[in-house]
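Now for the letters of each chain:
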There are 2 protein chains.
Amino acid sequence: MTPIPVDDPADPRLSAYTQMRERDLVGREGRFIAEGEVVLRVLLSGAARFRVESVLVSPERLPGLAPALAGLDAPVYVAAKPVMGAVAGFPIHRGVLAVGLRGPERDPDALVPAGPALLVGLVGLSNHDNVGGLFRNAAAFGADAVLLDAETCDPLYRKAIRVSAGTSLTVPFARLPTGDALLALCERHRLTPLALSPRGEDIGRLPPLPRALLLLGTEGPGLPEALMARARRVAIPMAPGVDSLNVAVAGAVALHRLGGERLAPI
Amino acid sequence: MTPIPVDDPADPRLSAYTQMRERDLVGREGRFIAEGEVVLRVLLSGAARFRVESVLVSPERLPGLAPALAGLDAPVYVAAKPVMGAVAGFPIHRGVLAVGLRGPERDPDALVPAGPALLVGLVGLSNHDNVGGLFRNAAAFGADAVLLDAETCDPLYRKAIRVSAGTSLTVPFARLPTGDALLALCERHRLTPLALSPRGEDIGRLPPLPRALLLLGTEGPGLPEALMARARRVAIPMAPGVDSLNVAVAGAVALHRLGGERLAPI
């Protein structure tokens, strides 16, 4: 790794970093932006499955990151924070950015393990904080993969990666067109589809389910009734008068119960 | 309830709503701002323990809210959204605001029930999303009260109330100066202080604890070691390589395990 100093915000080598917020909305043609040290370290680690196209850091951050960047086979640009801000279109306080390559889409069927399996299926989740949070929770509780319907937002959106603490770079994910396609996948692979519902069985009293897929929908409307009807309904007991949790929180509690038997405290 | 139309952003009757963001930072001398319909409905319900000083809504929102406002003994101002935005200093898209009165601080000892007890103690939590999220989770899992050290941010900060889905208006809370004072309260009331630690006992295998206080600290540094040493350490089992959850999520999983026995699925 030889750092490459850049002074000119218009330098074409930084073109992937320009107008970051506008491009967050329209997409980046096979690229994504990683920001902040936590996320960059995950991206550079063996745990992430994405290739790095380039890194852009401020001079202050280079010494601390140099060991992690040592083996990287991609350019490392170094620019002062005001230059970084001029390129991105807003101040980059942390001074750490990178561009990753999305690579080909994964085949959802290929992400289902042969033996014990715990997957998460997201239906219509359009909030990046919730999707990022769910990836973090899926990683913490050992889920094998996350499957997303077409309405669910992009786990490689800049903010989703950040909220996921970098785990959307490590937990495998794939797209299916609809919730129905998720249920069809459950049938093909003999996975029990589970849906959270206040009127379901107490999740604390479920028998062990060696192969399960937890469906999660948006906080307000929840999962479509037609999907609910085809899933096994499980409830997280709550205090009287309270009828909902944040979806990432509900997912965490459910994955803790479903994945807990597979995980040992350290 | 007789709605009072207001056209002039400089009308002194709206002075509590002016420069909202600036005042979020400096405080409001015994008042707080509630925003959005979900929060207003909680504030107006019997569940909230705070008095309403006034309500400010846009004309479009008045018909839907009129039944909830019917019994209110406080002025209801009605102003067009551009007027609301001019008063507040930024656009009020939802068109629903209210000013509540904080009332006297609560005595923490008075919030500890005599029989079975489950409390939450927050130490050094300075993020309003996390504090709001923890109130929501405390409410969902039936915690009796939340106790806050002096470093923890205000649950009645506008954004904390919103993220709490209004539960910071209903779950009792009180301040203590320090984490040490929280532990002293535990001793006075024979509460078992619990702290989350990867090296603790598996929280899923704890014996029932009829009287407990769950301590939660900031995500990065966590609880001070001196507090940890005096608490019973419990672990949420996690996948190898993952060592942390968002603090509101960790609190939810722990409260689900600790409070679950007291709650029945609906």
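Residues numbered from 1 in each chain as written. Chains lettered and ligands numbered in written order. Predicted model: local features only at pLDDT ≥ 70, side-chain atom pairs only at ≥ 80, totals over all residues. Heavy atoms only, no water.

Chain A is annotated in an unreviewed UniProt entry as rRNA methylases of Methylobacterium aquaticum.

1. Regarding the overall build of chain A
Per the secondary structure count, chain A includes nine helices and eleven strands. Whereas a compact globule of 266 residues would reach a radius of gyration of roughly 18 Å, chain A reaches 20 Å, a difference of no more than 12%. Burial statistics for chain A: of 266 residues in total, 54% are counted as buried. Sequence separation of at least 24 residues holds for 74% of the intrachain contacts in chain A that already meet a minimum separation of 6. When the accessible surface of chain A is summed, it comes to about 11300 Å², and 54% of that surface belongs to carbon and sulfur atoms. (Helix = DSSP H or I, 4+ residues; strand = E, 2+ residues; numbered from the N terminus. Rg over C-alpha atoms; globule rule 2.2 N^0.38 Å. Buried < 20%, exposed > 50% of the residue type's maximum accessible area, 1.4 Å probe, protein only. Contact = heavy atoms within 4.5 Å. Areas by Shrake-Rupley, 256 points an atom, 1.4 Å probe, with all protein chains shown as cover.)

2. A few points about the sheet that holds strand E3 (residues 51-57) of chain B
Residues and elements named next belong to chain B. Here five strands make up an open sheet; going across it, the order is E1-E4-E3-E5-E2 and the pairing mixed. Only two strands of the sheet have a single partner each, and these edge strands are strand E1 (3-5) and strand E2 (31-35). Recorded for the sheet is a direction-independent mean angle of 25 degrees between the axes of neighbouring strands. Sheet topology places E3 next to strand E5 (residues 96-101); six bridges connect them, and they run antiparallel. Along E5, the bridge assignment pairs Val57 with Val96. (Pairing = 2+ DSSP bridges. Axes fitted to C-alpha atoms, helices over the stretch in contact; angles between N-to-C directions.)

3. Focus on the relation of the copies chain B and chain A
Of the two same-sequence chains, chain B is brought onto chain A (RMSD 0.0 Å, axial shift 0.0 Å) by a rotation of 180 degrees. Taken together, the rotation angle and the small translation identify this as a two-fold axis. Interface overlap between copies is the fraction of interface residues in one copy that are interface residues in the other; for chain B against chain A it reaches 100%, indicating a shared surface. (Least-squares fit on C-alpha atoms with pLDDT ≥ 70 in both.)

4. A word on the pairing of strand E5 (residues 96-101) of chain A
On a regular strand, each side chain points to the face opposite its neighbour's, so the side chains alternate between the two faces of the sheet. All names here are of chain A. Within E5, five of the six residues are buried, which leaves it mostly tucked inside the rest of the structure. Alignment of strand E2 (residues 31-35) against E5, held across five bridges, turns out to be antiparallel. Across the sheet, residue Glu35 finds its bridge partner in E5, namely Leu97.

5. A few points about the pattern of salt bridges
Pairing between side chains of opposite charge can happen when the charged atoms of each approach one another. Scanning the entire structure with this criterion turns up 28 salt bridges over all chains. Put simply, Glu35, Arg158 and Arg162 of chain A are held in one network by salt bridges that share partners. (Salt bridge = Lys/Arg side-chain N within 4 Å of Asp/Glu carboxyl O.)

6. Regarding helix H3 (residues 62-69) of chain A
All names here are of chain A. Within the sequence span of H3, burial applies to Leu62, Leu65 and Leu69. An end-on view of H3 places all buried positions within 75 degrees of arc, on one side of the element. Within H3, the exposed residues directed more than 90 degrees away from the buried face are Pro63 and Pro67. Taken together, the buried residues of H3 touch strand E1 (3-5), helix H2 (37-44), strand E3 (51-57), strand E4 (76-78) and E5. (Arc of directions from axis to C-beta.)

7. Details of the nonpolar core
With 127 residues, the main nonpolar core has Phe141 and Leu169 of chain A together with Leu169 of chain B as its most contacted residues. Setting aside residues no more than four positions away along its own chain, Leu169 of chain B makes contact with Phe32, Val39, Val42, Leu43, Ala47, Ala48, Arg49, Phe50, Leu156 and Ile161 of chain B. (Core = buried A, V, L, I, M, F, W, Y, C linked by side-chain atoms within 4.5 Å.)

8. As for the interface of chain B and chain A
Counting from both sides, the interface comprises 29 residues of chain B and, opposite them, 29 residues of chain A. Taken over both partners, the interface formed by chain B and chain A buries close to 2500 Å², and the fraction arising from carbon and sulfur atoms is 63%. Here chain B is connected to chain A by zero salt bridges. Counting the contacts that link chain B with chain A gives eight residue pairs in polar contact (both at pLDDT 80 or more). Mapped onto the side of chain B that touches chain A, the elements with two or more residues apiece are helix H5 (128-140), strand E9 (192-202) and helix H9 (247-259) of chain B. By residue number, the principal contributor to the side of chain B that touches chain A is H9 of chain B, which donates five residues. (Buried area = accessible area lost by both parts, 1.4 Å probe. Polar contact = N/O pair within 3.5 Å; in protein donor to acceptor, adjacent residues only side chain to side chain.)

9. Concerning the packing of aromatic side chains
Under the criterion given, the structure shown has four aromatic pairs over all chains. Each ring, one from Phe135 of chain A and one from Phe173 of chain A, has its centre 5.7 Å from the other, and the planes form 90 degrees; the classification is edge-to-face. Of this pair, Phe135 of chain A sits in helix H5 (residues 128-140) while Phe173 of chain A sits in strand E8 (residues 173-175), placing them 38 residues apart in sequence. Here the two residues Phe135 of chain A and Phe173 of chain A agree in accessibility, since each one is buried. Judged by centre distance (5.3 Å) and plane angle (75 degrees), the rings of Phe32 of chain B and Phe50 of chain B are edge-to-face. Of this pair, Phe32 of chain B sits in strand E2 while Phe50 of chain B sits in the loop between helix H2 (37-44) and E3, and the two are 18 residues apart along the sequence. Each member of the pair, Phe32 of chain B as well as Phe50 of chain B, is classed as buried. Over the ring of Phe90 of chain A we find Arg21 of chain A; its NZ or CZ atom is 4.0 Å from the centre of that ring. (Phe/Tyr/Trp six-rings, centres within 6.5 Å; stacked < 30°, edge-to-face > 60°. Lys NZ or Arg CZ within 6 Å of the ring centre and 35° of its normal.)

10. Remarks on the UniProt feature "domain: tRNA/rRNA methyltransferase SpoU type" (unreviewed entry) in chain A
With numbering aligned to this structure, UniProt lists the feature "domain: tRNA/rRNA methyltransferase SpoU type" (unreviewed entry) at residues 118-256 of chain A. Secondary structure across residues 118-256 of chain A divides into 33% helix and 25% strand, with the first and last C-alpha atoms of the span separated by 11 Å. (UniProt positions renumbered as here; feature names shortened; annotations may be inferred.)

11. Topic: the pairing of E3 of chain B
All names here are of chain B. Among the seven residues of E3, five are classified as buried, and the element is accordingly described as predominantly covered. Pairing geometry for E3 and strand E4 (residues 76-78), over three bridges, is parallel. When the bridges of E4 are listed, Val55 appears paired with Val76.

12. Some remarks on the environment of Leu134 of chain A
All names here are of chain A. Within the fold, Leu134 resides in helix H5. By relative accessible area, which is 3% here, Leu134 ends up buried. Along the backbone, Leu134 and Val247 are 113 residues apart, and their C-alpha atoms lie at a distance of 8.0 Å. If we ignore the near neighbours within four places in the chain, the residues touching Leu134 are Leu122, Leu125, Leu216, Val247, Ala248 and Gly251.

13. Structural notes on the packing of helix H9 (residues 247-259) of chain A against H9 of chain B
Taken N-terminus to C-terminus, the directions of H9 of chain A and H9 of chain B make an angle of 55 degrees; their axes are 9 Å apart at the nearest point. Looking at the two axes, H9 of chain A sits oblique to H9 of chain B. Relative to H9 of chain B, H9 of chain A is oriented so that their crossing is right-handed. On H9 of chain B, the residues touching Val249, Ala252, Val253, His256 and Arg257 of chain A of H9 of chain A are Val249, Ala252, Val253, His256 and Arg257 of chain B. When its residues are assigned to classes, the contact of H9 of chain A with H9 of chain B shows six nonpolar, two polar and two charged. (Parallel < 35°, antiparallel > 145°, perpendicular 65-115°, else oblique. Left-handed = near helix turned anticlockwise from the far one by under 90°. Nonpolar A, V, L, I, M, F, W, Y, C, P; charged D, E, K, R; others polar.)

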